[in-house]
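Report on the structure
Residue-level listing of the chains:
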Amino acid sequence: MVNVDQSLFDSTIHTAADEFDKQGHHPNILVVGATGAGKSSLVNTIFGVDFAQTGTGKPITQTTTKYTIENMPINLFDTKGYELGSEEHTRFLEEMHTYMEDQNKPVQEQIHMVWYVISASNHRITDLDLEMIEKFRVIGKPICIIFTKCDLVSESTLQDLSQVLQDHRINYFYVSTALPEMDYIQLSHLVEWSYEHMDYSVRFAFLRSQTVNLKLIRSEVNKVIREYVLHAIGHSAKNKSVEDIMNLQGEMLYTIFKQYNLETHSIKFMPFLNKLVQIYLEEKDKDKDKDKDEKGKKKQNKNQEDEKQKKSKDLKEKLKEAGIEFLIKGTIATTSTLAVGYTASEICYRINKAKVKNKTLNVQQYVDEHFKESDVKNLFYQFNKKKNNKDE
């Protein structure tokens, strides 16, 4: 009978939460662009919130405001729009140089990514744009060009603009917040590129803050799950207890919910997922005992052999059983960890997908309606079946 104290499981969750919150820093994204380029619409679309209304804006300089939102691990540095040749334009140039020279600051105070926003409807890229972009690129700051309002221009216009950047070997993306589903719109690609080029210490915080590329979150979370599976196998090899393996799974589950930015809703699922794994392990224990009984009956029916052969055979049998025992424990640890991890990931993915479709979604009501215990159990056994089918 497998019986893991829920209080120990909860303690593991709290420990995982403390460790997770200590890891990494909030990414600092500098959003640059002229007046009317569409910077606000861009960031509001990517992160699913209105930073100006919901966030706290703190002026850092005359031309830059730092925006933060409670419980969202990201900092946006929004540059004030400027008109070419104006006094604000001069101040803007001076300030950009301070961001270019921040490499001696602590990593949490540096700019980690530059989004340079140009309205495609202006039909041009200025020499100033190219000069500023090149300076950021030369010093090693990850920078990309984002053409906004692409729904207002023809594809040939976009090709003309992009040709200028191709000549300078600069990464660029077409976006439209008005018609994000157009074939050539690249919001998801922008998010993926930014994630891949961001410093490792901040990239996961960026990933869980954005809302336009949920498949990328699921893909990265599933990589984490597979890492925990390897740890579970290691626990089995070291003959760790079932409690140790389940506590490892508890740590994994918190990490999953946190990466989807849904840790506040994990409390509904954690106890049941823990219980589900216990039931699964109990079933496996019964199957294992049944196999042993059948083997014992077969042994009793065998004819007696001479003493020398019997000793030799007994030794081989013990070695074989020890190997089988390790294989069984390793398989159970692998299967249960993978299944419960993928179950949690799929639940989170579906919740966030629903949130994107309905900005006013009542998450708790959605969870109550779509994830009853029977639904979660079915998901768990579906993933468990897929794992077993792959092993066969």
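Look a little higher up for the structure.
The rules behind these values
- Residues numbered from 1 in each chain as written.
- Predicted model: local features only at pLDDT ≥ 70, side-chain atom pairs only at ≥ 80, totals over all residues.
- Heavy atoms only, no water.
- Helix = DSSP H or I, 4+ residues; strand = E, 2+ residues; numbered from the N terminus.
- Buried < 20%, exposed > 50% of the residue type's maximum accessible area, 1.4 Å probe, protein only.
- Areas by Shrake-Rupley, 256 points an atom, 1.4 Å probe, with all protein chains shown as cover.
- Pairing = 2+ DSSP bridges.
- Axes fitted to C-alpha atoms, helices over the stretch in contact; angles between N-to-C directions.
- Contact = heavy atoms within 4.5 Å.
- Parallel < 35°, antiparallel > 145°, perpendicular 65-115°, else oblique.
- Nonpolar A, V, L, I, M, F, W, Y, C, P; charged D, E, K, R; others polar.
- 1 Å grid on protein atoms, 1.4 Å probe; cavity = no way out; pocket = protein on both sides within 12 Å on 5 of 7 lines; lining within 4 Å.
- Points joined across faces, edges and corners; volume = space filled by probe spheres on them.

1. Some remarks on the overall build of the protein chain
Check the secondary structure of the protein chain and you find 14 helices and 7 strands. In the protein chain, which comprises 392 residues, the proportion classed as buried is 45%. Carbon and sulfur atoms make up 48% of the accessible area of the protein chain, which amounts to about 21,300 Å² in all.

2. A closer look at unusual backbone geometry
If you check the backbone angles, Lys149 has positive phi at about 55° while not being a glycine. Looking at the secondary structure, you find Lys149 in the loop between strand 6 (143-148) and helix 6 (155-167). For Lys149, a relative accessible area of 31% translates into the label partly exposed. Unusually for a residue other than glycine, Asn261 sits at a positive phi of about 65°. Locating Asn261 in the fold gives a position in the loop between helix 10 (242-259) and helix 11 (266-300). Exposure remark for Asn261: the relative accessible area of 24% places this residue in the partly exposed category.

3. With respect to the sheet that holds strand 7 (residues 172-174)
As summarised here, the arrangement of the 7 strands in space is 2-3-4-1-5-6-7, forming an open sheet in which the pairing is mixed. Sheet topology places strand 2 (56-59) and strand 7 at the edges, where each strand pairs with a single neighbour. Looking at each pair of strands side by side, their axes are set apart by 25° on average, direction ignored. When strand 3 (residues 64-69) meets strand 4 (residues 72-79), the two strands line up antiparallel, connected through 6 bridges. Within strand 4, the position partnered with Lys66 by the bridge is Phe77. Here helix 5 (residues 127-138) sits on the sheet and contacts strand 1 (28-33), strand 5 (113-119) and strand 6; the angle it forms with strand 5, its principal contact strand, is near 165°.

4. Describing the packing of helix 7 (residues 187-197) against helix 8 (residues 200-209)
When two helices pack together, their arrangement is given by the angle between the helix axes and by the axis-to-axis distance. One way to put it is that helix 7 packs onto helix 8 with a least axis distance of 8 Å and a crossing angle of 160°. Relative to helix 8, the element helix 7 lies roughly antiparallel. Contact with helix 7, carried on its side by Val191, Ser194, Tyr195 and Glu196, involves Arg203, Phe204, Phe206 and Leu207 of helix 8 and no other residues of that element. Classifying every residue of the contact of helix 7 with helix 8 by side-chain character gives 5 nonpolar, 1 polar and 2 charged.

5. Description of empty space enclosed by the protein
Under the definition given, this model contains 1 cavity of 30 Å³ or more. Its volume calculated, the largest cavity comes out at about 30 Å³. Taken together, Val221, Val224, Thr255, Ile256 and Gln259 make up the full set of residues lining the largest cavity. Per-element tally for the lining of the largest cavity: the top contributor is helix 10, with 3 residues. Residue classes in the lining of the largest cavity are distributed as 3 nonpolar, 2 polar and no charged.

6. With respect to the packing of helix 2 (residues 39-47) against helix 7
The interhelical angle for the contact between helix 2 and helix 7, taken along N-to-C directions, is 80°, at an axis separation of 11 Å. Our classification of the angle between helix 2 and helix 7 gives roughly perpendicular. Two secondary-structure elements touch here, helix 2 through Leu42, Thr45 and Ile46 and helix 7 through Leu187, Leu190 and Val191. Of the residues that constitute the contact of helix 2 with helix 7, the class distribution is 5 nonpolar, 1 polar and no charged.

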